[in-house]
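Topology and contacts: notes
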Amino acid sequence: MTRYEMESDTKLAELRDTARRAMERAYSPYSGFCVGAAVETREGSVHGGCNVENASFSVTICAERVAIGAAVTSGGRKLKRVYVCSTSAEPVPPCGVCRQALSEFGPDLEVISEGMDGRVRTWTLADLLPEQFRLEDHVAGPRSEPGARAEGHS
Ligand code: THU
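I will try to describe carefully the structure that is included in this document. (Residues numbered from 1 in each chain as written. Predicted model: local features only at pLDDT ≥ 70, side-chain atom pairs only at ≥ 80, totals over all residues. Heavy atoms only, no water.)

1. Things to note about helix α3 (residues 96-105)
As a reminder of what qualifies: Buried residues are those whose accessible area, probed at 1.4 Å on protein chains only, stays under 20% of the maximum for their type, while exposed residues exceed 50% and partly exposed ones sit between those limits. Starting at the N terminus, helices and strands are each numbered in turn, a helix being any DSSP run of H or I of at least four residues and a strand any DSSP run of E of at least two. Throughout, a contact is declared for two residues whenever any of their heavy atoms are within 4.5 Å.
Of all the residues in α3, the buried ones are Cys 98, Arg 99, Ala 101, Leu 102, Ser 103 and Phe 105. In this structure, the buried residues of α3 make contact with β1 (35-41), α2 (63-73), β3 (79-86) and α4 (125-128).

2. Here's the deal with the sheet that holds β1
Put simply, the rule is: DSSP calls a pair of strands paired once it identifies at least 2 bridges connecting them. Only the stretch in contact is used when a helix axis is fitted, and all axes are lines through C-alpha atoms; the angle between N-to-C directions ranges over 0 to 180 degrees.
Strands sit in the order β2-β1-β3-β4-β5 across an open sheet of 5 strands; the sheet is mixed. For this open sheet the edge positions go to β2 (46-50) and β5 (120-124), each flanked by a neighbour on one side alone. Each neighbouring strand pair of the sheet contributes to a mean axis angle of 15°, computed without reference to strand direction. Pairing of β1 with β2, which is carried by 5 bridges, proceeds in the antiparallel orientation.

3. Focus on the packing of aromatic side chains
Short version of the rule: Each pair of aromatic rings taken from Phe, Tyr and Trp, with Trp reduced to its six-membered ring, is defined by centres within 6.5 Å and is described as stacked if the planes are under 30 degrees apart, edge-to-face if over 60, and tilted in the remaining cases.
For the structure shown, the criterion picks out 1 aromatic pair. Pairing Tyr 30 with Phe 57 gives two aromatic rings, centres 5.6 Å apart and planes at 45°, and the pair type is tilted. Of this pair, Tyr 30 sits in the loop between α1 (3-24) and β1 while Phe 57 sits in the loop between β2 and α2; the two residues are 27 residues apart in sequence, bridging distant segments of the chain. A relative accessible area of 44% places Tyr 30 in the partly exposed class.

4. What to know about the environment of Val 35
If you trace the backbone, Val 35 turns up in strand β1. Of the residues examined, Val 35 reaches a relative accessible area of 9% and is grouped as buried. Remark: the alpha-carbon pair of Val 35 and Val 84, spanning 49 residues in sequence, is separated by 7.2 Å. Not counting the four nearest positions on each side in its chain, Val 35 is found in contact with Met 23, Ala 26, Gly 49, Cys 50, Asn 51, Ala 63, Val 84, Cys 85 and Ser 86.

5. Regarding α2
Convention followed: To be clear, the arc concerns the directions from the helix axis to the C-beta atoms.
Among the residues of α2, Ala 63, Glu 64, Ala 67, Ile 68 and Ala 71 are the ones counted as buried. Seen end-on, α2 carries its buried residues on one side only, within an arc spanning 140°. Just past α2, the residue Gly 75 takes up positive phi, approximately 95°.

6. Notes on the site of the ligand
As a reminder, the rule being used: Proximity is defined per residue: any heavy atom of the residue falling within 4 Å of a molecule or strand makes that residue near it. A 3.5 Å cut-off defines polar contacts: any pair of N or O atoms within that distance qualifies, except that in protein one atom must be a possible hydrogen donor and the other a possible acceptor, and neighbouring residues in sequence count only when both atoms are side-chain atoms. All accessibility values rest on the Shrake-Rupley procedure with a 1.4 Å probe; residue burial counts only the protein chains present in the view.
The local shell around the ligand consists of Ser 31, Phe 33, Val 35, Asn 51, Glu 53, Thr 60, Cys 62, Ala 63, Glu 64, Pro 94 and Cys 95. Here Ala 63 contributes a backbone N or O atom positioned 2.9 Å from an oxygen atom of the ligand. Cys 95 has a polar backbone atom sitting 3.0 Å from an oxygen atom of the ligand. Relative to its unbound accessible surface of 370 Å², the ligand loses 79% to contact with the protein.

Right, here's the structure in full:
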């Protein structure tokens, strides 16, 4: 095994552990469905999130978007992989809202999901969201202050 492959496996294990630990913290008294997610930035940092439900159901936030928020808060804006696990027997793909949220920070993201039965599925985000909405495809000219966007800012 090459050094790159070893490092990459270690990172995958960290990503999975972070997602699973996050799932244990899920706040889901209304659905009873627990989800954990972990995102890996291109720089190699890993950030977890769990779903956080609310008595006003539409206020609920998915695990993936909590993990994105944690990454961005730590300065990570370029996402490489996301690992999702849940209390479903089957590996669940991220919901549509989370696909769009992930595309902001990782248009070429790899999505990995593990079910309770241990089965793992992987997709590219482009598989799951083939027509990503990007404002720059529809708005002409410079906009916003420097550093406001995910790309082009380190
Ligand atoms: N959920 C996630 O956390 N991620 C998804 O991609 C799908 C759904 C959560 C939201 C809610 O707390 C519960 O699962 C049931 O929809």
